[in-house]
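Observations on the model geometry
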Amino acid sequence: DTEVTQTPKHLVMGMTNKKSLKCEQHMGHRAMYWYKQKAKKPPELMFVYSYEKLSINESVPSRFSPECPNSSLLNLHLHALQPEDSALYLCASSQEAGPNTGELFFGEGSRLTVL
Amino acid sequence: SQQGEEDPQALSIQEGENATMNCSYKTSINNLQWYRQNSGRGLVHLILIRSNEREKHSGRLRVTLDTSKKSSSLLITASRAADTASYFCATGTYGNNRLAFGKGNQVVVIP
């Protein structure tokens, strides 16, 4: 199984809502990532988890809260978002995080619209 | 973190032609990777080339790496309509747990 599964595929939420994005992989990868991507732009790294511990937070606003319940699951909790947070949110995994970061496996993304 | 920069940004070619994209970067790297993204979808890894390698092939893809010029190129031979996508280079650097993605190339292959 070489898949990274993201749910939901589409999410529309108001600025006062609380929602979560979910990501799952069963490749035994020890590193998992959240990226944000705006239209016609490259992915921007948000968070990196390595061995279920948060290793990188790219100064992401606290209205985004990541969680790694176990080595296969990664969540992104959303609260009090702004319309400018509307984007494609991509989850990815790799065997390891570190200087030899190899191939990243990406999910299909969650398209988020904040009204 | 460093940023790869692809050139050109947009490319439109006829089916069967070759497509070439370039990527430049600023600091020493451990590896350079190319990814494809179809519209609104996730990224798909195409090929990884390590800093001690100069050329790599995978099917219709050929990647070169010139560390002295800090640049890489991706060649897609005999393009197909299904190759229509955005292509991103990404660099991995020593002492860094992140890949730095370049701006991306939009390639349109006209049937």
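Here, the structure is the one placed above.
Right, let's walk through the structure included here. (Residues numbered from 1 in each chain as written. Chains lettered and ligands numbered in written order. Predicted model: local features only at pLDDT ≥ 70, side-chain atom pairs only at ≥ 80, totals over all residues. Heavy atoms only, no water.)

Residue and element names in this part refer to chain A. Here Lys36 is to be found in strand E4 (residues 31–37). Summary of buried charges: Lys36 has no salt-bridge partner, and the nearest side chain of opposite charge, Asp85, is 4.0 Å away. The residues contacting Lys36, other than those within four sequence positions of it, are Pro42, Pro43, Glu44, Met46, Glu84, Asp85, Ala87, Leu88 and Tyr89. (Helix = DSSP H or I, 4+ residues; strand = E, 2+ residues; numbered from the N terminus. Buried < 20%, exposed > 50% of the residue type's maximum accessible area, 1.4 Å probe, protein only. Lys, Arg positive; Asp, Glu negative; His and termini not counted. Salt bridge = Lys/Arg side-chain N within 4 Å of Asp/Glu carboxyl O. Contact = heavy atoms within 4.5 Å.)

Summed over all chains, the structure comprises two disulfides over all chains. Paired by a disulfide, Cys23 of chain A and Cys91 of chain A hold their sulfur atoms 1.9 Å apart. The sign of the -70 degrees torsion about the S-S bond sets the Cys23 of chain A-Cys91 of chain A disulfide as left-handed. Here Cys91 of chain A lies in strand E9 (residues 87–94) and Cys23 of chain A lies in strand E3 (residues 18–25), a separation of 68 residues in the sequence. Here Cys23 of chain A and Cys91 of chain A have matching classes, each one buried. Across the disulfide, Cys23 of chain B is cross-linked to Cys89 of chain B (sulfur-sulfur distance 2.0 Å). Handedness of the Cys23 of chain B-Cys89 of chain B disulfide follows from its S-S torsion of about 60 degrees: it is right-handed. With Cys23 of chain B in strand E3 (residues 19–24) and Cys89 of chain B in strand E9 (residues 85–92), this pair connects stretches of sequence that are 66 residues apart. For Cys23 of chain B, a relative accessible area of 1% puts it in the buried group. Accessibility expressed as a relative area gives 0% for Cys89 of chain B, which makes it buried. (Disulfide = S-S within 2.5 Å.)

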